[in-house]
Amino acid sequence: MVGLATVFGAGGGTSSYEEVAAADVIVMWGSNARNAHPIFFHHVLRAVDRGARLYVVDPRRSETAAFADRWLGLEVGTDIALANTIAREILHAGLVHPDFVTRATTGFDEFAASVEDWTLERGSAVTGVPADDIRELAHAYAGAGAAQLCWTLGITEHHNGVDNVLSLCNLALLTGQVGRYGAGLSPLRGQNNVQGGGDMGALPDKLPGFQDVADAGARSRFEREWSAPVPPRKGWHLTQMFDAMERGDLRSVLVIGENPARSEADVSRAVRLLEGLDHLVVLDIHLTRTAELADVVLPGSASWCESDGTVTNSERRVQRVRKSLDPPGDARDDIDILLDLADRLGHRWHYDSHEAIWDEVRRLSPMHAGMSWRRLDDLGGIQWPCPSDDALEPPFLHGRLWAEDPRERGRPAPFNVVRHDPPAEALSDEFPLRLTTGRRLDSYNTGVQSGGFPSPNRRGETVDVSPDDARSLDLADGDVVRISSARGTVHAPVRVDPGLRAGLVFMTFHFADEVDVNQLTIDATDPKAGTAEFKAAAVRIDKLVGDQPSPPPSAGADLGVGEPWT
């Protein structure tokens with residue numbers, strides 16, 4: 001969200017799903033959408049079936065790459081180098097969209113000078129991608145009538161993730177592949193309401209509707225509505241919260257629907273800090289590992305069928321969620337719990353209905369103002385911005401940038417100079433392999449929702465290695481090995497994956513009770529967004545001989561993970 005907001009002023013994807021299906025060229029960068037976003041990927045396949053060209057930029061030859069016209073298998077952490085090389089080729093081949101650059105952007109000359117050294121030869125040497133493949137992608141993207149550039153955590157989960165996003169935005173600005181139907185930038189959100197969380201102000205420097213907390217005018221509207229002051233200072237993001245715990249500046253934490261005792265990088269440190277709090281409260285529908293550490297657990301009912309409300313997906317579409325079941329046992333609606341907490345903290349919040357809460361959002365967030373409960377029902381969801389009751393914005397954002405009248409164009413979109421910056425943790429003789437993490441199709445996050453029940457398709461965790469590394473380490477499928485980093489050690493069975501190149505290792509975070517991969521990952525973080533570098537840890541693999549630990553439970557075993565409240 002930070003990168004897109006920096007360039008365009010709004011932290012949402014610029015396009016709709018239907019535009020992806022209509023695009024001529026689609027670039028999936030750092031995204032295995034076939035596994036991680038299978039519903040979205042149907043729209044990609046519709047475009048491919050229609051004749052669109054698909055390019056996949058990913059260190060792994062993933063399941064998504066199997067559908068691609070070209071796979072660009074770059075070295076982990078070289079995304080900016082590749083983007084800058086593509087930009088230079090576009091510049092030198094005369095493929096820039098000069099009218100768009102002149103009328104809609106700023107900072108072009110400085111940006112163009114910054115990529116001048118990124119020749120195809122240098123870019124290939126740094127990224128590992130053949131020069132001809134880089135050239136092909138540059139010409140295809142710039143020459144397309146409409147091109148989509150899509151990314152996920154493979155771009156953002158780095159110590160310079162925001163700069164990675166900015167480098168992709170530069171390519172769209174250079175070629176005019178934004179602000180038109182079919183052309184855009186699409187960050188695919190990892191869960192069904194990540195976009196909605198940001199939209200509602202779950203960011204340390206934003207109020208609902210991406211309004212800056214430093215904006216006195218915006219704050220005053222919220223203060224009048226809430227009859228309470230709104231601090232003008234920026235808050236802490238998650239990484240800063242853990243740093244504050246370590247300093248002793250943060251002593252009490254409320255965790256809602258999150259499992260940081262499993263999901264944080266360098267998770268041993270995270271658990272130690274959570275255990276050291278004076279007071280930890282968890283509101284969740286499952287007894288997660290974080291809930292097990294809590295002083296107080298509030299059994300919420302934030303499941304789809306037990307609550308009313310809205311969710312917002314990756315195309316900025318706000319959709320209704322309708323309650324169909326009462327929560328079990330003593331579980332309560334999340335909003336009822338939060339209202340009770342507010343009451344005990346001295347704030348008398350009262351709403352007659354969930355619709356009344358949504359109407360407050362509409363009053364305070366201009367981009368939601370026209371989304372009445374009834375319109376959301378009648379239209380099956382509405383994309384923001386929707387500023388009035390009769391408004392239906394086009395499916396894409398930033399069309400204003402193409403306006404002839406400069407008064408209609410508004411704020412220009414800036415190019416950003418971004419420098420190649422390799423992973424924070426270098427490979428060494430002790431830790432010579434690069435571990436990257438991701439998702440698998442049949443599992444979800446830390447396993448709380450997709451584990452804990454018998455399933456013939458549940459295969460359990462593996463450490464995926466390349467055929468070259470399997471030979472050099474004398475490994476075969478099923479061998480249990482020790483994987484170590486500077487932070488910890490785990491054991492897992494081997495899976496030889498021909499989609500991996502020598503030196504690259506892949507694991508997931510779905511099976512934390514069996515193999516807690518975040519014992520290995522590094523908590524080097526992006527200073528702009530606070531995202532940890534889950535994608536680039538240095539590790540070693542040792543084949544175990546003699547007494548080996550028991551392998552993880554077989555597929556379908558009942559692990560007792562994530563048992564729901566009853």
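Reading guide: rules and limits
- Residue numbers here run from 1 along each chain, matching the order of that chain's written sequence.
- Totals for whole chains, interfaces and linings use every residue, but because this is a predicted model, local features are given only for residues with pLDDT of at least 70 and side-chain atom pairs only at 80 or more, for both listing and counting.
- Only heavy atoms go into the side-chain values, all of them from the structure, while hydrogens and water stay out.
- Secondary structure elements are taken from DSSP: a helix is a run of H or I of four residues or more, a strand is a run of E of two residues or more, and numbering for both begins at the N terminus.
- Any two strands with at least two DSSP bridges between them are considered paired.
- Throughout this description, buried means an accessible area under 20% of the type-specific maximum (1.4 Å probe, protein chains only), exposed means over 50%, and partly exposed covers the range between.
- Whether two residues are in contact is decided by their heavy atoms: any pair within 4.5 Å suffices.
- Each polar contact in these results corresponds to two N or O atoms within 3.5 Å; when the atoms are within protein, one needs to be able to donate a hydrogen and the other to accept it, and residues that are neighboring in sequence are counted only if both atoms are side-chain atoms.
- Here, a salt bridge means any Lys or Arg side-chain nitrogen found within 4 Å of an Asp or Glu carboxyl oxygen.

**Some remarks on unusual backbone geometry**
Here is step 1: In the segment running from Trp 384 into Pro 385, the intervening peptide bond is cis, with an omega of 5°.
Here is step 2: Within the secondary structure, Pro 385 sits in the loop between strand 14 (382-383) and helix 21 (406-409).
Here is step 3: With a phi angle near 45°, Asp 266 is a residue other than glycine that sits in the positive phi range.
Here is step 4: Looking at the secondary structure, you find Asp 266 in the loop between helix 15 (260-263) and helix 16 (267-275).
Here is step 5: Unlike most non-glycine residues, Asp 474 shows phi in positive territory, near 60°.
Here is step 6: By the element assignment, Asp 474 lies in the loop between helix 22 (467-472) and strand 18 (480-484).

**Looking at the sheet that holds strand 14**
Hydrogen bonds along the backbone pair up the strands of a sheet, which may run parallel or antiparallel.
Here is step 1: Reading across from one edge, 12-13-14 is the order of the 3 strands in this open sheet, with antiparallel pairing throughout. Lying at the two open borders of the sheet, with one neighbouring strand each, are strand 12 (309-312) and strand 14.
Here is step 2: As judged from the 2 bridges shared by strand 13 (residues 317-321) and strand 14, these two strands associate in the antiparallel manner. For Val 318, the partnering residue across the bridge sits in strand 14 and is Ile 382.

**Some points on helix 18 (residues 334-344)**
Here is step 1: Those residues of helix 18 that fall on the buried side of the exposure criterion are Asp 334, Ile 337, Leu 339 and Ala 342.
Here is step 2: Buried residues along helix 18 sit in contact with strand 10 (279-284) and strand 11 (296-299).
Here is step 3: The opening residue of helix 18 is Asp 333, an N-cap whose side-chain oxygen sits 3.0 Å from the backbone nitrogen of Ile 335.
Here is step 4: Count one or two residues on from helix 18 and you reach Gly 346, which has phi positive near 95°.

**As for the pattern of salt bridges**
Here is step 1: Tallying each qualifying case throughout the model produces 35 salt bridges.
Here is step 2: With its nearest N and O atoms 3.7 Å apart, the salt bridge here joins Asp 133 to Arg 70. On the criterion of sequence distance, the pair formed by Asp 133 in helix 9 (residues 131-143) and Arg 70 in strand 3 (residues 70-72) is long-range, its members being 63 residues apart.
Here is step 3: Several salt bridges share partner residues, and in doing so they unite Arg 53, Asp 69, Arg 70, Asp 133 and Glu 136 into one network.

Spatial relationships are all this shows, so hold off on functional conclusions.
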